[in-house]
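Secondary and tertiary structure notes
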Amino acid sequence: MSAPRVIAALCGFMALSFADAAPVQVGSKNFTESIVLAEIVRAQAQRDGVSVDHRQALGGTRILWRALEEGSIDLYPEYTGTLTRELVPGIDPNADLATIRRALEPKGIGVSESLGFEDGYALGMREDVAARDSIATISDLRRRPDLRFGLSSEFVDREDGWPGLKRAYALPQTVRGMDHDLAYRALADDAVDVVDLYTTDAQIPYRHLRVLQDDRHYFPGYQAVLVYRLQALRDTPALKATIDALAGRIDVDAMRAMNAEVTLTRRSERAVAAAFLGLAQPSATDGGRFQRIMQRTLEHLVLVGVSLSLAILVALPLGVFAARRRRLGQLVIAATGILQTVPSLAMFVFMIPLFGIGAAPAVAALFFYSLLPIVRNTHAGLVGIAPELRESAAALGLPPHVRLRRIELPLATRSILAGIKTAAVINVGTATLGALIGAGGYGQPIITGIRLDDLGLILEGAVPAAVLALLVQGVFEAAERWLTPRGLRLAARE
């Protein structure tokens, strides 16, 4: 065999080995049941000899679906009603699994058999309030236009959510969107009267809620399934055995009990999944709260540090250009200003098709958010230099690049550092949203704490984030005093 053929064969073998070794990426939405199901998939896959990474609590339906289409994840738990009403337009809302599969196959996506239970949408009220007002069905809500609705933000905008429900029942109420788990607390505190439910929620019996009858049969069926990339099955054939092994395995009572173990008894999703499959309980590997905080701190510093460093490298030259070319400079400042107006979460989601799931899209989004303060302050610092100083430097015969490096930039240092400091502090806060797309950082315990109604976990992310913001501000203020020429420091004190 010739040398080129040998090399080609070796490269092919190495590529195949790498593909086989690459872990399957399993995602989950940001609610307890989805995380538990993803942990069950992970544990079953490991039992079947498949290496799996669980990208936990990546956000809502659209984020997970886009990540699946883009190949950032290979599999995640979904529901048939969500597929037919929200993700695969043009098919019957009550289509069977065979029809759904045919519709998704051209997209390279497969659907498993039902996992064995249904978790549908419903509306619910506190039992005492519903009994007082004689409300048993969704149609009964029309009699009480004064009722306060607190619906999860995703439900407010979904086609199978509030817009269609309001039309189907001619409901007169206005609604406010909020986090699904916070809505339960608002209901208990009498801040809202009606919330949307997942019918397997452990909170329903725990908080003594009445599930209102869908008397017009608006909601479709929501059989729990796994959606996956067909390419993932071709790359990892053993994954099919995992998917098939879970078909029909979980009934509604088992799922409700697992949700209760996580949300009410604070047992970890991984431990609950292992117990369901009859596996040995996982050993604690997080090392306690201190080690978790250290890990999240490192992740957060990477997000902030990399994005800010890239922004400085790009924004400083843009700021100099804006100061030297006044008309074009206004366009540069306007463009960076437009980036700043994009809502934070939207910017993170926009980056997913380009960079996938994880730290990369978060860094990209934070980079764009950092540009405006640095560009604007660099521009302001340079154009604010007294004309006589510029004229003196020119009269000495200094070339433009020397004037910029030795005269103008030192004089503009305070303004430039103020812009970098502003960008850094903004990044520390905004980076917490990176947890919604699998980037980690301080946002991870905050999101988990909100989901589990655990103030300690929320503070575990919020307090270090606030401390880090103060530290960053202090570091840049010290750097400003150190880098500002002594003469300018003296002038500032006078």
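Residues numbered from 1 in each chain as written. Predicted model: local features only at pLDDT ≥ 70, side-chain atom pairs only at ≥ 80, totals over all residues. Heavy atoms only, no water.

**Considering the packing of helix α2 (residues 32-47) against helix α14 (residues 269-277)**
The description of two helices packed together rests on the angle between their axes and the distance between the axes. Across the interface, α2 lies against α14 with an axial gap of 8 Å and an inter-helix angle of 55°. The angle between the axes of α2 and α14 places the two elements in the oblique class. When you trace α2 past α14, the crossing you get is right-handed. Together, Ile 35, Val 36, Glu 39, Ile 40, Arg 42, Ala 43, Gln 44 and Arg 47 of α2 and Glu 269, Arg 270, Val 272, Ala 273, Phe 276 and Leu 277 of α14 make up the contact between the two elements. Residue composition of the contact of α2 with α14, grouped by class: 8 nonpolar, 1 polar and 5 charged. (Axes fitted to C-alpha atoms, helices over the stretch in contact; angles between N-to-C directions. Helix = DSSP H or I, 4+ residues; strand = E, 2+ residues; numbered from the N terminus. Parallel < 35°, antiparallel > 145°, perpendicular 65-115°, else oblique. Left-handed = near helix turned anticlockwise from the far one by under 90°. Contact = heavy atoms within 4.5 Å. Nonpolar A, V, L, I, M, F, W, Y, C, P; charged D, E, K, R; others polar.)

**Observations concerning empty space enclosed by the protein**
Taken as a whole and judged by the stated rule, the model has 4 cavities of 30 Å³ or more. The computed volume of the largest cavity comes to approximately 120 Å³. Residue lining of the largest cavity: Phe 31, Thr 32, Glu 33, His 180, Asp 181, Tyr 184, Tyr 198, Asp 201, Ala 202, Gln 203, Asn 259 and Thr 263, and that is the complete set. Listed by contribution, the elements that provide at least two residues to the lining of the largest cavity are α2, α9 (180-188) and α13 (252-263). Per-element tally for the lining of the largest cavity: the top contributor is α9, with 3 residues. Looking at the lining of the largest cavity residue by residue, the classes come out as 4 nonpolar, 5 polar and 3 charged. (1 Å grid on protein atoms, 1.4 Å probe; cavity = no way out; pocket = protein on both sides within 12 Å on 5 of 7 lines; lining within 4 Å. Points joined across faces, edges and corners; volume = space filled by probe spheres on them.)

**Section: helix α5 (residues 97-104)**
Turning to α5, its buried residues number three or more, namely Leu 97, Ile 100 and Leu 104. All buried residues of α5 fall inside an arc of 60° around its axis, so they share one side. For α5, the elements touching its buried residues are α3 (61-70), α4 (80-87), β4 (109-111) and β10 (224-229). (Buried < 20%, exposed > 50% of the residue type's maximum accessible area, 1.4 Å probe, protein only. Arc of directions from axis to C-beta.)

**Brief notes about the packing of aromatic side chains**
The tally for this structure, following the rule as stated, stands at 9 aromatic pairs. Judged by centre distance (5.4 Å) and plane angle (55°), the rings of Phe 149 and Trp 162 are tilted. Here the residue Phe 149 occupies a position in strand β6 (residues 149-152), and Trp 162 occupies one in helix α8 (residues 162-169), the gap between them amounting to 13 residues. A single burial state applies to Phe 149 and to Trp 162, both of which are buried. Their ring planes at 45° and their centres at 6.3 Å tell us that Phe 155 and Phe 219 sit as a pair that is tilted. Residue Phe 155 is located in helix α7 (residues 153-157), and its partner Phe 219 is located in the loop between β9 (209-211) and β10; the two are separated by 64 residues in the primary sequence. (Phe/Tyr/Trp six-rings, centres within 6.5 Å; stacked < 30°, edge-to-face > 60°.)

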